[in-house]
Each structure stands twice: as C-alpha cells, then as structure tokens.
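Spelled out from the first residue to the last, the chains are:
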Amino acid sequence: MFSNHRATNRTLALFAFLASLILYLLTMAPTASFWDAGEFIAVAHELQVNHPPGAPFYSLLGRLFSMFMPAGYVAASINFISVLSSALTVMLLYLVIVRLVREWKGAPEQMLDIEKIGMYGGALLGAFTFAVTDTFWFNAVEAEVYAVSMFFTALVVWLALVWAENHDEPYNERWLILIAYLFGLALGVHLLNLLALFFVALIIYFKKKEFGLTSFTLSAAIASAAFLVIYPFTVQSLPSIMEGVTHASYGLIGPIFFMILVALILGVGIYYTHKHNHRMANIALLSYAMIIIGYSSYALIFIRSAADPPIDENDPETVEAFISYLEREQYGNTPLLTGNTFDNEQGTINREQEAFFPRRYSTNPQHMREYARYSSDLDFFLSYQLDHMYIRYFAWNFIGRDADIQDAGWQSGFTETEHEDNPAHNSYFYIPFLLGLFGMIFHFQLDWKRALSVLVLFLMTGVAIIVFLNQTPMEPRERDYAYVGSFFAFSIWIGMGGIGLIELVKEHLKSSKLAAYGILGLLFCASPLLMGVQNFNDHDRSERYVAPDYAYNLLQSTAPNSILFTNGDNDTFPLWYLQEVEDVRTDVRIVNLSLLNTDWYIKQLRDQWSHESPPLPISFTDEEIEQMTSNLSMHQPDTISIPVDKELLRQAFSDTKKYKETIGVTPDTSLEIYTQGIDFGIPVDSLDDEVSWYYEGRSAGQGPQGNTRHYTQVQDEVILNILRNNKWLRPVYFANTVSSQSQLNLQPYFRFEGKAFRIVPQRHDDAGYGWIDPSIHAKRLENFRFREWNNPDAYFDENIRRMLGNYRFSITELASKYREIGKPDSARYWLNWGEERIPFNVTGNNVNSITLYAYSYASAGDDSSAVDLAQKAEETLMTDLRENMSKFDEIQQQLSAAEAELEAARENADIGKRQELESRMQQISSQRQRVTQDVSFAISHLTIVQRIYFMADLDDRATELAEEVDSITTARISLPSTREENKQQFDQFQLD
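From a predicted model like this one, the values you see are computed outputs, not experimental measurements.

Criteria and thresholds
Residues numbered from 1 in each chain as written. Predicted model: local features only at pLDDT ≥ 70, side-chain atom pairs only at ≥ 80, totals over all residues. Heavy atoms only, no water. Helix = DSSP H or I, 4+ residues; strand = E, 2+ residues; numbered from the N terminus. Rg over C-alpha atoms; globule rule 2.2 N^0.38 Å. Contact = heavy atoms within 4.5 Å. Areas by Shrake-Rupley, 256 points an atom, 1.4 Å probe, with all protein chains shown as cover. Lys, Arg positive; Asp, Glu negative; His and termini not counted. Charge placed at Lys NZ, Arg CZ, Asp CG, Glu CD. Pairing = 2+ DSSP bridges. Buried < 20%, exposed > 50% of the residue type's maximum accessible area, 1.4 Å probe, protein only. Right-handed = clockwise from strand over helix to strand, strands pointing away. Polar contact = N/O pair within 3.5 Å; in protein donor to acceptor, adjacent residues only side chain to side chain. Phe/Tyr/Trp six-rings, centres within 6.5 Å; stacked < 30°, edge-to-face > 60°. Lys NZ or Arg CZ within 6 Å of the ring centre and 35° of its normal. Axes fitted to C-alpha atoms, helices over the stretch in contact; angles between N-to-C directions. Parallel < 35°, antiparallel > 145°, perpendicular 65-115°, else oblique. Left-handed = near helix turned anticlockwise from the far one by under 90°. Nonpolar A, V, L, I, M, F, W, Y, C, P; charged D, E, K, R; others polar. Core = buried A, V, L, I, M, F, W, Y, C linked by side-chain atoms within 4.5 Å.

This brings us to the overall build of the chain. Scanning the chain from terminus to terminus reveals 37 helices and 14 strands. What you see for the chain is a C-alpha radius of gyration of 31 Å, in line with the 30 Å of a compact globule of 992 residues. Projecting the C-alpha coordinates of the chain onto the three principal axes gives extents of approximately 90 × 80 × 65 Å. Contacts in the chain between residues far apart in sequence, at least 24 positions, make up 71% of those at least 6 positions apart. Split by element, the accessible area of the chain, about 42,400 Å² in all, is 55% carbon and sulfur. Between the centroid of the 75 positive side chains of the chain and the centroid of its 119 negative side chains there is a distance of 5 Å.

Put into structure tokens, the structure is as follows:
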C-alpha cells in the first residue's frame, strides 16, 4: 500500500485538500458578514481603497474571482478565496509534517511500514485537527485577509523544508528566491506572513552550520536585520525616502523616476555580484528584488485612489498621503520599548518620565480605569495582554471554549459553567492540547533543530505579536484571528504526537499494524472528529444573511437621497457592500462618524459625488478642516438654533427642477436623481420656525477651578455644519445604533423610521427615543427583509443576537404607539409580525428583549402570548439569580477574609503586604459591583414578569414568584407581594 511514497503522499494530500474544501464550502457564508468582510468585498470587486495599511494583492485576487459574477454571487465568489486558501493550507500542513518526519527518518523508501503508517496518519491527524480549530475555521468561511495570509505562511514553511531537502543540489537557491517573492506578495495581503522569516532563517542555519553560540547569534542578527529591511524599511521608509528625494530635487526626481532608479540600482547590483561570483550577495539582492516586485502590488492603492472611487480611505493619492496610509497614522502611535505609562500612585499617565516596556499608555478614561486594576505594566502584560488576549485564545482552539460572549473564557468540559447552553460552548477535554504537548516533547527528542524552528514560528506568530500590538483593554471584538499562525505551528506538534504514539507501538507492541490503525482511529475520533462535531454548529454560516439584510433594512429606513450617519464598522461596511456590489439605494450618502474625525474624509464628503449622491453641504475650508482635526475643540454649553426657512422649503418641495437647483445640483438639472422634492411627509406649516436645543458637549473632566469642562469632537462640529448648511432640504438620519452622545442631544427632533432616526424640525419633548408616525414607521418595516432569520438551523453569534434585540425594540415601539392611539389590533398584528420573522427560540435568549416583548403583548391585550414569553424569561432570570447570589456570597467571604488579612498587615506594619491586599480588595469589590448589577437586573426584570402575571390575572403565580425570589435571596432582596405594590414599583421603570 505504501510502496510508492510519491503516489501515496500526493493522494493523501489531495484527500486533505478535498475534505477540508468540502467542509468549508458547506459552512461558507453565502454573502457578506459583519466587521471587515463587507468592506473587503466591496473594495475588491471594484478595486477601491480599503482601510490602512491596505491589502492590494487581496483586492486583485478578489477582482479576479468576482469580475464575471452576477451581483448576487460576488460576495460568495470572494468568500470562496478564503475557502480555497484554507483548504490549500490544510493540505500544506499535511505536507509540512511529512517533510519534518523525513528530516530525521530519512527517505520514506527506507522506512518500515509501521513508520509510514505513523508518518501519514500523524500528518493527517495534525492537518485535520487544525482544519477544525475554532479560529482557523472562522477565518476560512468569510472574505478576510487572514485565510490567504495563512496560506502564504504555510507555503513558505513548506518551501523552506523543500529547500532543506535539496540544499546541496545545484541551483537550490531558486527555492529561497521564490520564498522571497512570496514574502513580497504576502505584504499585499497582511504583514503576519513576514514572521515566518525567522522559521526560514533557522532552517537555513541548521542546514548550513553546526550549532554554536556565536554562529547562532550571528544568524539571529542577520534574520532580524532582514526582517527590518523588509519592515519597516521597504514597506514604510522607502516611500518616505522617495518623498524626501522628490522634495530635495525640487520635483525633478518624481515617484516614477525614483522607482526606476531603485530598479536600476538593484539590476546593476545583481549583474555585478553575478559577474564577479559574489554568490551570497547575489542571492541577497535577487531576493530583495523579488520582495520589491511582490510589494509593487501597492501601486494599486496609489493608482486607484487617484481615480477617486466611492471608497477611498485616507485618500492616498499623493506621496505624503500614501506614506501616512502605510504608517497607519490614522490609528495613532503605539509605544513598544519605551514611552509614558500609567502610574498607579498618580492614577493617570505619567508624562514626566519614560518607562521601559510601557504597556498602559492609552489616555482614554475607560482604559485608565482598567489600568488601575493592575499593579504594574508587567502585571498588565501577563494578566491581560498575554493571558486574556493570547492564552485564552490558544485554549479556545485546543482545550475548549466557554461561549461566544465577548471576553468569554475557556473550559475543557470536565466542569460545568454558566454558559452550558451557549451555542459556542465547545469542549475538547484537553485532548488536542495534550497531544500537541506530547508531540512537542517527542519532536525535540528526535530532531531538536527542526523542533526549535517550529517553536520559533509558534512564538513569533503568537507572543511576539502580543508584544508588538501592545493592545489596550476593552477591545470591541475578539482578536484571535491574528494568532492563527501560532495555532498552525502547534498543530504540527499535534501531528507529531500521533507519530510519537505509533513509535511507541513499534517499540512496545512489536510493530502491530492493527494496534497502530486502532490508535490512529481513536486519535482521529478524539481530536479532529470531536472538535469538528463540537464546532460545526457555531461555524456554519451557510444560512446567515443577517449583515446584508441589516444594511438593506437600514437603507430602506431612509427617504430618497438622504444623508445617513452611521456608527462604526458593523454599521458601515455592510452598507458599503450593498451599495457598491448589489447597487442598492446608492442615492443614500453614508457618513461614518468614526471617519468623520479625519480631514481626508471630510474633504471627500464635501467635494466628491458618490454615485447619485452629490457632495454634502459642508462649508469648512481646507485650512479650517486641518485645524479642526489637529486640535481639541473646547465647548461652552449653550443653546444651538438652526432656522427653518419654510418659504424656501415650500418652493423647493413644489417642483423637481426647483428642488435640484436649491440643493445645488447645478448646472445640469437633468440628472436622473431627485425625481421629486423630499419633504417631511407632514405640512411645511406644521414645522417649527427653528430647531433649538441645549447642547452641553462631551465631558472633559474638571478644570483647575473645579468647574466641569466640555469639548466637541470633529464629527460633532461637522454634523452641526451639515445641519446648518443643509437648510432642511436633504433628509438627515442617524442609524439607531449611533450612541446618544454622538446624537448631539437632538432626540426631541427625532422621528423613528424603521431602523433610523430622521431629524425633523418639529419638537416632541416627550419622545425619549424619537417620536413615531405609525404609518411611516410601519411602511419602513414592511420593506424590510429577513432572509433565514427564523431558520432554526442558522447560528447567530452574540453581536447578531444583540442586534436582533434592537429590531424588536423597533417593533415594540410601533406596537406601543398603536396601543396609545387606540388600535390594539394593530399593536398585536405587529408584535406577531415581528415574532414570526425573529422568533425567540431561534436567536438565543436575550432575556431583556424577551421580557419587554412579553410586556408589549400584555399591554396589547394578548395575555396568552405574553405569559408564554414571560415564563421563558422567568426560567432564565431565576437561573441567573441563583448563580449570581451564590457568587455574591462567595465574594463576600473573600472580602471578609481579605479585610482580616489587611488588618493584620496594618498591625504588623507590613507595607508590601498591605498594598497587595488593598489591590486585591479593589478587584474583589469590582467583582462584587458587577455581580450586584446582575442581581439588580434580574430582580427588575422579574418584577416586569410578575407584572405580566398580574395583568393576566395569574395572581397566585405572581405571589409564588415573589416567594421563590425570597427563598433564593434569603429575603435580602424581594419582589412585591401584592398587585398594588408591584404596580407601584413597576411604574418606576417608566415603560408605559
């Protein structure tokens, strides 16, 4: 069976590729996903410019895969790039493990059959385990750069081992030059691939040199220098040098001439070193030339930005802007080895002295509150950056994941947790981890040189990234995708673990093939099969259409030709995808508030058309914009007034041509846009004469005299400028996900329409979240789409589940309005309409959403539906209350013990112990506060559940609920015991 190694190896490699390809195809997202996927699809399909530092080679791949596809299949075609790349990566991992085995066992033709069984079986074991790991599978089924980047890493690792086997043959250098070219190409995808350079360097070193401290140190220095030559020199410094030369030559040497000059210098150097037989220098120059050629994909950014496409982030069409783009200046600077850091005694960033290895550098008030929980930078690095932001992710992939909730921990399956019912509660019982640990030990025993190379790959793509990123606390999303290279390296050792166990069979069971196959079968069931079964449901995105439907519904919430302010990535990127790829509602101008703090974005909005949407009415000059974006604007709280010219509005809304001229679509008023004046759906005379409101601004803390200071962000100033210059002609909306602070206290003028708030110059002081015109709101909802949202097989993660609660709020607000105007039938209709499209048994139990929806049913007179949902909410709330009361009691005991220890430390004058205990007590107190908030949440919602029971005349059930709560809390916290007391307490929630 194993007589022909080449045939067997290729067959098994093809099997690994096809099996993983089928798995990823079955679970691939059919369209755009949240976060960056929507942006990558839109940018790739139209060759536009995405966020810094860009991914031009990925965009070229995306364009190639999608250019002949109908609009509805563009997203799937670009998603397929990740599927294909990931399947190839699994195949390459199999081949890598086989190559590593051959490094110490020699040619397969000389191996015993039992050894071949171990080699092939172990390689498949490692490859298939990696294929179903949490992070890699997540990356494999959506349009993101990490799957392609991982493919390049795997390919480089495999090619390095191919070179190692052929290192003494003529022309072996071609493998190294090919690796250099791949490094250059990968720069146009993501920088992560470059970290494999150190693995390649070690493979070369151990083939060319005998280990010695001096030679090893020199080799490490050369590898580090090569890394620095590529990044940051080539990627960042070379364009800066180009700019400097252009300025120094007064424009005589422009960018094109400079690039020609660099090519000529490289060409001359390559010719000279070849002619004079300087072999090492020639290889180095050829390799660098290949890197430059691969890196040249970045010319796409420069070229496409000059065409001013609709998505043109950072507008890098000049050399200066291009350098800023590459250096990611938009995101600020992160200290690495030295810088200012948080001082625990001062409670703020110490600007007086620089610290070594600063980890707590952010001035964000929320971040500084988190920094205070750690005793030092080292404590923050070990506890948060290393443990929470890497080891936790490592455990997710090889031990088990607790939940898909933000910051959820890991678990193995041997103990129960509070997230047993979470769809992403996956248990691997330590099996892959222990197998990999055994494989690592086995690998070091048999071939410590290659094992050390794998260890360096593991550390450089894991811990080294942690050090470099220097992450701040409270990340908005999980970041495990960045460390997939490290998980790839560990999976090599999982394969080695399988091989090691077969070696034990060879030694102790007389090379029994039956025992070998039996052990491999058990390992496959215990590792890849178990992980695949556990992970399948929360990695299957084949039925997930939520992101584009969310964008579609938000666009359908707006009137024609509107201006729509959105919050961040998850608001904006699906909208970009829908407009740029599916050509939906391109009349709406999307304004991302995060980007609205940058000068280039404000200028684009002011100066450029986007499809049918003309430039926005922004009156700031370039100088004013640059000044605004470089300084903090202090704000004096005051009343802001914007007049409403009703005569202007009457004229504009009366005639299409007049409306176009009024909003500035001149001189060509025949454009196929603005086919009618976009009024407010109410008589102009009913509008207020002015929009006037008190705007306090954002809190900037206290001044020297103790007075509260306020400031405005750039986005606030631009929004106000647009409102003033728009003259109420173009519809202006805020997405309902925009924070209240960014809404500038305009809520009294908000009209809730579908999923957005329209600013209407008609004040309603009693509308906390905007007033509702039920006919308009209902019309918007009728145009929504909910593909597969009620599919019981569709998996929705925490972000989506939370977002669906936002939809239910839109529906309950409409039902409340119909009930208020005496139309309970309409209220019940819309509540049923919403539950049919977004049923609670599909999306996971958002207990707040369930409770409020149940109360809406009760208020509309549908007692049966109300009680059904209330009982579901009660079950979850009572479970949470029991768990949190138990936690509270444990924390109280810990606090009492810590207080006793602290008192003893004070009596003994043990300052070090006292400081340690005070820090621990602060952490325990923070935990108690969080648990207390959870208990309060459960009690308040149980009060609403009790209210529903009383409204349905289930007084006995309401009383029993109060008694059960008393039993759980030992009467420390109680529910009302009578209908009257319940009503009195319920009224404090102001739900009616």
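Turning to the sheet that holds strand E10 (residues 698–702), a few remarks are in order. Consider a sheet: its strands pair through backbone hydrogen bonds, and that pairing is either parallel or antiparallel. Overall, antiparallel pairing links the 3 strands, which are arranged E7-E11-E10 in an open sheet. Strands at the two margins of the open sheet, each flanked by one partner only, are strand E7 (633–634) and E10. Across 3 bridges, E10 lies against strand E11 (residues 708–712) in antiparallel orientation. Across the sheet, residue Arg-698 finds its bridge partner in E11, namely Tyr-711.

Looking now at the pairing of strand E5 (residues 563–566). Of the two faces of E5, both are covered, the one formed by Ile-563 and Phe-565 as well as the one formed by Leu-564 and Thr-566. Looking at chain direction, E5 and strand E6 (residues 589–592) are connected through 4 bridges and run parallel. If you follow Thr-566 over to E6, its bridge partner there is Asn-592. Read from E5 through helix H23 (residues 569–580) to E6, the crossover connection turns out right-handed. Across 3 bridges, E5 lies against strand E12 (residues 732–735) in parallel orientation. Bridging across to E12, Phe-565 finds its partner in Phe-734.

Further remarks concern the environment of Glu-115. Of note, Glu-115 is situated in helix H5 (residues 113–131). Assessed through its relative accessible area of 13%, Glu-115 is described here as buried. Considered as a pair, Glu-115 and Ile-502 are 387 residues apart in the sequence and their alpha carbons are 7.5 Å apart. Setting aside anything within four residues of it in sequence, one finds Glu-115 in contact with Lys-105, Glu-503 and Lys-506. Separated by 2.8 Å, the side chains of Glu-115 and Lys-506 make a polar contact.

The tally for this structure, following the rule as stated, stands at 68 aromatic pairs. A centroid spacing of 5.2 Å and a plane angle of 65 degrees characterise the contact between Tyr-205 and Phe-206, whose relative ring orientation is edge-to-face. Residue class for Phe-206 comes out buried when judged on its relative accessible area of 5%. Relative to Tyr-807, the ring of Phe-784 has its centre 6.1 Å away and its plane inclined at 80 degrees; by these criteria the two rings are edge-to-face. Remark: Tyr-807 occurs in helix H30 (residues 798–820) and Phe-784 occurs in the loop between helix H29 (774–782) and H30; sequence separation between them is 23 residues. Just as Phe-784 is buried, Tyr-807 falls in that class too. When the ring centre of Tyr-807 is taken as origin, the NZ or CZ atom of Lys-755, which lies over that ring, is 4.3 Å away. It is Arg-947 that lies over the ring of Phe-986; its NZ or CZ is 5.9 Å from the centre.

At a minimum axis separation of 11 Å, helix H16 (residues 377–398) and helix H20 (residues 484–508) run at an interaxial angle of 45 degrees. Between H16 and H20, the angle falls in the class oblique. As for the relative orientation of H16 and H20, their crossing is right-handed in sense. Each of Tyr-390, Tyr-393, Phe-394, Asn-397 and Phe-398 in H16 lies in contact with H20, whose residues at this interface are Ser-486, Phe-487, Phe-490, Ser-491 and Ile-494. Residues that form the contact of H16 with H20 fall into these classes: 7 nonpolar, 3 polar and no charged.

Before going further, it helps to spend a moment on the nonpolar core. Counting residues in hydrophobic clusters, the biggest one holds 287 residues, and the most contacted among them are Tyr-24, Tyr-94, Phe-565, Leu-596 and Leu-746. Among the elements that line this core, the one with the most residues is helix H4 (residues 71–105), at 19 residues.

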